[in-house]
Amino acid sequence: MKIKVKAAKRKEETSFITSDFIRLDSFLKFKGAAETGGQAKQFIQDGIVKVNGEVCTARGRKIRNGDIVSLFGTDYKIIHNQENQQKNQNEN
């Protein structure tokens, strides 16, 4: 008996940040993957979150430009948006 299994294609999403880094738990709240900090902490401690393909259990991990955070079938590519940061500084 042969069984064919098809894996669902992962979603890819680009996320722009204006600072040099964002903490992993804050990123999960920012993207709406976690409603609260406690929920984000639980996802991280349970090993549900991967950073650059490796399970990450450090909620304070700094996510930087080029990192990929994977959670619930979605890969979030982090892009440091310096253009917006410079624009905001010029306005102040």
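Residues numbered from 1 in each chain as written. Predicted model: local features only at pLDDT ≥ 70, side-chain atom pairs only at ≥ 80, totals over all residues. Heavy atoms only, no water.

Asks: Whenever I open this one, the overall build of the protein confuses me. Can you help?
Replies: When you go through the protein residue by residue, the secondary structure sums to 3 helices and 7 strands. Listing the helices and strands of the protein from first to last along the sequence gives β-β-α-α-β-β-β-β-β-α. Buried residues in the protein amount to 27% of all 92 residues. Considering only contacts within the protein whose residues lie at least 6 apart along the sequence, 51% involve residues at least 24 apart. When the accessible surface of the protein is split by element, carbon and sulfur atoms take 44% of a total near 6,800 Å². (Helix = DSSP H or I, 4+ residues; strand = E, 2+ residues; numbered from the N terminus. Buried < 20%, exposed > 50% of the residue type's maximum accessible area, 1.4 Å probe, protein only. Contact = heavy atoms within 4.5 Å. Areas by Shrake-Rupley, 256 points an atom, 1.4 Å probe, with all protein chains shown as cover.)

Asks: I tried to follow the sheet that holds strand 1 (residues 11-17) on my own but got confused; where do I start?
Replies: By definition, the strands of a sheet pair up through backbone hydrogen bonds, in either a parallel or an antiparallel sense. Sheet architecture is open: 5 strands sit in the order 1-7-6-3-4, paired in mixed fashion. Each having just a single partner strand, strand 1 and strand 4 (54-55) make up the two edges of the open sheet. Direction of pairing for strand 3 (residues 50-51) relative to strand 4: antiparallel, over a ladder of 2 bridges. Bridge assignment links Lys50 to a residue of strand 4, and that residue is Val55. (Pairing = 2+ DSSP bridges.)

Asks: Before we go on, may I ask you to explain the pattern of salt bridges in this structure?
Replies: Two side chains that carry opposite charge are able to pair once their charged atoms sit near each other. For the structure on display, the rule yields 2 salt bridges. Where Glu13 meets Lys31, a salt bridge forms, and the shortest distance between an N and an O atom there is 2.8 Å. Of this pair, Glu13 sits in strand 1 while Lys31 sits in the loop between helix 1 (24-30) and helix 2 (37-45), and the two are 18 residues apart along the sequence. A relative accessible area of 33% places Glu13 in the partly exposed class. For Lys31, a relative accessible area of 26% translates into the label partly exposed. (Salt bridge = Lys/Arg side-chain N within 4 Å of Asp/Glu carboxyl O.)

Asks: Can you walk me through the nonpolar core in this structure?
Replies: Soluble globular proteins tend to bury their nonpolar side chains together. With 17 residues, the main nonpolar core has Leu24, Phe27, Leu28, Val49, Val51, Ile63 and Val69 as its most contacted residues. For this core, the elements supplying multiple residues, two or more each, are helix 1, helix 2, strand 6 (68-71) and strand 7 (74-80). When residues no more than four places from it in sequence are discounted, the contact partners of Val69 are Leu24, Phe27, Val49, Lys50, Val51, Ile63, Thr74, Asp75 and Tyr76. (Core = buried A, V, L, I, M, F, W, Y, C linked by side-chain atoms within 4.5 Å.)

Asks: In this structure, what is going on with the pairing of strand 6? I would like to understand it.
Replies: Across a regular strand the side chains alternate sides, sitting on one face of the sheet and then on the other. One ladder, built from 2 bridges, connects strand 3 with strand 6; its direction is antiparallel. Along strand 6, the bridge assignment pairs Val51 with Val69. Of the strand pairs in this sheet, strand 6 and strand 7 are connected by 4 bridges, and their pairing is antiparallel. Its bridge partner lying in strand 7, Val69 is registered against Tyr76. Between strand 6 and strand 7, which follow one another and run antiparallel, lie 2 residues, and Phe72 among them has a positive phi close to 50 degrees.

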